[in-house]
Amino acid sequence: MLFNIITIFPDIFESYFSKAMIKRAQDKKIIKINTPDLRRFADPKDAHKSVDDTPYGGGAGMVLKVEPIYKALKAIKRKKKSRVILFSAKGKTLTQKDLQRLKKYDQLIMICGRYEGVDNRVAEHLIDEEISIGNYVLTGGEIPAMILVDGITRLLPGVLGNKVSFEDESFSQENELEYPQYTKPEKFKSWKVPPVLLSGNHAKIKAWRDEHKAKQK
Ligand SMILES: C[S@@+](CC[C@H](N)C(=O)[O-])C[C@H]1O[C@@H](n2cnc3c(N)ncnc32)[C@H](O)[C@@H]1O
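Some thoughts on the overall build of the protein
Check the secondary structure of the protein and you find seven helices and nine strands. Relative to its length of 217 residues, the protein is extended, with a C-alpha radius of gyration of 22 Å against a globular reference of 17 Å. In terms of its C-alpha atoms, the protein occupies a principal-axis envelope of roughly 70 × 40 × 30 Å. Taken over 217 residues, the protein has a buried fraction of 22%. Within the protein, contacts between residues separated by at least 24 positions form 77% of all contacts whose residues are at least 6 apart in sequence.

See the structure below:
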């Protein structure tokens, strides 16, 4: 799966994407990540390579311009099953179901907003969907892009191995979260692991886990 992340801060991604599962998925060629710098698509005559301007109608802050984003998108070679996503606080809130749906594409092209946001003609003409990662405002779309890459990559075959069952995970069933997990030691201070988990009785363990699954708040 190919992820193209259009951003004015490509360096932000280096640390997170060069560690652990995301690194292994790249090493195994399950995923590939490109982070094209939006400033490369600024007006070539502009020495400052600016990609933002003041909002029509007035108001505080700057808005990312449509033209550099249009050019950045045109420069990306499209695979057959690709989807263009714009991150914005007013988009549809991301859920585990969306990750399951989006993992079926060969390529996700993401646009990270900054400042006061993005010229709305991007949303009107250049994208397939607008995604929010929650009801709060961040400074940019880079963390949302990391979240999308992370959440999708772990679902791809060969990334976590077959030890993991996604059916038991939080959000795999409507309104159901994971059961509590414990590991060694059996007793820490006076805090004990629930005895049923040490019983070796798989039926009882399953019943206990079903009973103790958390519910979404
Ligand atoms: C400071 S925010 C812009 C906020 C915008 N003026 C508003 O009121 O919704 C800059 C960029 O961060 C990203 N962003 C901020 N919050 C987000 C969220 N909850 N989900 C996804 N992206 C977000 C978007 O790409 C947005 O264009």
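Some thoughts on the site of the ligand
Near the ligand you find 20 residues, and of these F87, A89, G113, L138 and G141 are the closest. Broken down by element, the residue count for the shell around the ligand peaks at four residues, all from strand β5 (residues 82–93). For the shell around the ligand, the residue count by class is nine nonpolar, eight polar and three charged.

Here's the deal with the environment of F171
Its place among the elements puts F171 in the loop between α6 (142–153) and β8 (187–188). You can call F171 partly exposed: it has 16 C-beta atoms within 10 Å. Setting aside anything within four residues of it in sequence, one finds F171 in contact with T95 and Q96.

Some words on the domain arrangement of the protein
What the domain assignment reports for the protein is domain 1 (2–153) and domain 2 (166–212). With centres defined by C-alpha atoms, the gap from domain 1 to domain 2 works out at 38 Å.

Points about the nonpolar core
Of all hydrophobic cores here, the largest spans 32 residues; its most connected members are I6, I85, F87, M110 and I111. Of all the secondary structure elements, the ones that give two or more residues to this core are β1 (2–6), α1 (12–17), α2 (20–27), α3 (66–74), β5, β6 (107–111) and α6. Those residues in contact with I111 that lie beyond four places of it in its chain are I6, I69, L86, F87, V118, V122, I127 and G141.

Looking at the environment of K49
When you line up the elements, K49 lands in the loop between β2 (32–34) and β3 (52–53). Each C-alpha atom, one on K49 and one on L38, is 9.2 Å from the other, the two residues being 11 residues apart in sequence. Setting aside its immediate chain neighbours within four residues, K49 contacts R39 and A42.

Topic: the packing of α2 against α6
Two elements in contact, α2 and α6, have axes whose closest approach is 10 Å; the angle formed by their N-to-C orientations is 70°. Comparing their axes, α6 and α2 come out roughly perpendicular. Relative to α6, α2 is oriented so that their crossing is left-handed. The segment α2 lies against α6, with M21, I22 and A25 engaging V149, D150 and T153. When its residues are assigned to classes, the contact of α2 with α6 shows four nonpolar, one polar and one charged.

As for the pairing of β5
Note that β5 and β6 share five bridges and pair parallel. Residue pairing in the sheet places R83 in a bridge with L108 of β6. Chirality of the crossover, the property in question, places the unit of β5, helix α4 (residues 96–102) and β6 among those that are right-handed. Pairing of β5 with strand β7 (residues 129–132) involves five bridges; the strand directions are parallel. Considered in β7, the bridge of T93 is made with S132.

Cut-offs applied
- Residues numbered from 1 in each chain as written.
- Predicted model: local features only at pLDDT ≥ 70, side-chain atom pairs only at ≥ 80, totals over all residues.
- Helix = DSSP H or I, 4+ residues; strand = E, 2+ residues; numbered from the N terminus.
- Rg over C-alpha atoms; globule rule 2.2 N^0.38 Å.
- Buried ≥ 20, exposed ≤ 12 C-beta atoms within 10 Å, placed from the backbone.
- Contact = placed C-beta atoms within 7 Å.
- Near = placed C-beta within 6 Å.
- Nonpolar A, V, L, I, M, F, W, Y, C, P; charged D, E, K, R; others polar.
- Domains from an automatic or database assignment.
- Core = buried A, V, L, I, M, F, W, Y, C linked by C-beta atoms within 7 Å.
- Axes fitted to C-alpha atoms, helices over the stretch in contact; angles between N-to-C directions.
- Parallel < 35°, antiparallel > 145°, perpendicular 65-115°, else oblique.
- Left-handed = near helix turned anticlockwise from the far one by under 90°.
- Pairing = 2+ DSSP bridges.
- Right-handed = clockwise from strand over helix to strand, strands pointing away.

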